[in-house]
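Architecture and fold: a report
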Amino acid sequence: EKLGIPSCSNVNEKGIKFISLSRSLRTFQASGANITDAGLRMLSSCKTLEELNISNCENLSDKGFDQIPNLIRLSMLEMSRAAVSDAAMERISRLPHLEHLDIDGCVGISNAGIKHLAMLPCLEYLYLSDCTGIDDDCLLHIASMPCLRQVTLPADAGVTTGGTTKYFASSFHA
């Protein structure tokens, strides 16, 4: 089952609670919707959820991610421009099947947050554009991600050409 409520400003916690009771919801697209920390905690009880898009949800913070590790089937999480920090990355790092993570524009994330993400055993796609809190030091953590196929790095932050060269060099060592 799929459900999309993009840019829906009228959704409230009562509606999210109803959605979270679904026994068959696999994809929930709520980009730009009025999802709060309490709403995300409610959604974390939806054990069948595999794909979640909460990008541009302005009312989310680290507190909303406390229960996200309960989404053990989650393989895709898009949360670009969320007001989160490394604390949310630590919680996300406990998602055993996460393959796709979009945290573009999450300016509160630092190298420490990327270090947490290196614990994700299945991560294949990582989008970090406009994550201005990271620099070359995060690249060693990215290089240690065993399944990573694609990473998008910030063009105007502390990640340098020298750092990316170091990353690619360490990625291809036998």
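The structure this text deals with has already been given above.
Residues numbered from 1 in each chain as written. Predicted model: local features only at pLDDT ≥ 70, side-chain atom pairs only at ≥ 80, totals over all residues. Heavy atoms only, no water.

**Some words on the overall build of the protein**
To keep things clear, this is the line we draw: Secondary structure elements follow DSSP: runs of H or I of four or more residues count as helices, runs of E of two or more count as strands, with numbering from the N terminus. Only C-alpha atoms enter the radius of gyration; for comparison, a globular chain is expected to reach 2.2 Å times N to the power 0.38, where N is the number of residues. Note on exposure labels: buried denotes an accessible area under 20% of the residue type's maximum, exposed denotes more than 50%, and partly exposed covers the range between, all computed with a 1.4 Å probe on protein chains only. Throughout, a residue-residue contact means that at least one pair of heavy atoms, one from each residue, lies within 4.5 Å. Under the convention used here, a 1.4 Å probe and the Shrake-Rupley method define accessible areas, while residue burial counts only the protein chains that appear. Think of it this way: Lys and Arg go in the positive column, Asp and Glu in the negative one, and His and the chain ends go nowhere. In this description, the location of a charge corresponds to atom NZ of lysine, CZ of arginine, CG of aspartate or CD of glutamate.
Within the protein one finds 6 helices and 7 strands. For the protein, whose C-alpha radius of gyration is 16 Å, the value lies close to the compact-globule estimate of 16 Å for 174 residues. Seen through its principal axes, the protein has C-alpha atoms that stretch 50 × 30 × 20 Å. Across the 174 residues of the protein, 46% fall into the buried class. Within the protein, contacts between residues separated by at least 24 positions form 61% of all contacts whose residues are at least 6 apart in sequence. Summing over all exposed atoms, the protein offers an accessible surface of approximately 8,500 Å²; the carbon and sulfur share of this is 51%. Treating the 15 positive side-chain charges of the protein as one cloud and the 20 negative ones as another, the clouds have centres 10 Å apart.

**Brief notes about the pattern of salt bridges**
So the rule is basically this: By salt bridge we mean one thing: a side-chain nitrogen of Lys or Arg within 4 Å of a carboxyl oxygen of Asp or Glu.
Considering all chains together, one arrives at 4 salt bridges under this definition. Here Glu 50 ties to Arg 26 by a salt bridge, and the two come within 2.8 Å at their closest N and O atoms. Highlighted residues: Glu 50 in the loop between helix 2 (37–43) and strand 3 (51–53) and Arg 26 in the loop between helix 1 (13–20) and strand 2 (27–29), separated in sequence by 24 residues. In this structure Glu 50 comes out as partly exposed when scored by relative accessible area, which is 25%. Across the pair Asp 66 and Arg 91 runs a salt bridge whose closest N-O atoms are separated by 3.0 Å. Taken as a pair, Asp 66 in the loop between strand 3 and strand 4 (76–78) and Arg 91 in helix 3 (residues 86–92) lie far apart in primary sequence, 25 residues in all.

**Brief notes about the nonpolar core**
The test is simple: Within this scheme, the nonpolar core is defined by two criteria: the residues are buried Ala, Val, Leu, Ile, Met, Phe, Trp, Tyr or Cys, and they are joined through side-chain atoms within 4.5 Å.
Residues Phe 28, Leu 52, Met 79, Ile 92 and Ile 103 are the most contacted members of the largest nonpolar core, which totals 49 residues. Excluding anything up to four places from it in sequence, Met 79 contacts Ile 54, Ser 55, Phe 65, Val 84, Met 89, Ile 92, Leu 101, Asp 102, Ile 103 and Cys 106.

**Observations concerning the state of the cysteines**
Condition: In what follows, a disulfide is any cysteine sulfur pair within 2.5 Å.
Counting across every chain of the model gives 0 disulfides. Here Cys 8 stays free of any disulfide, with the sulfur of Cys 57 as its closest cysteine sulfur at 11 Å. By relative accessible area, which is 25% here, Cys 8 ends up partly exposed. As a non-bridged cysteine, Cys 147 has Cys 122 as the owner of its nearest cysteine sulfur, 5.8 Å distant. Classification of Cys 147 by relative accessible area gives partly exposed; the value is 34%.

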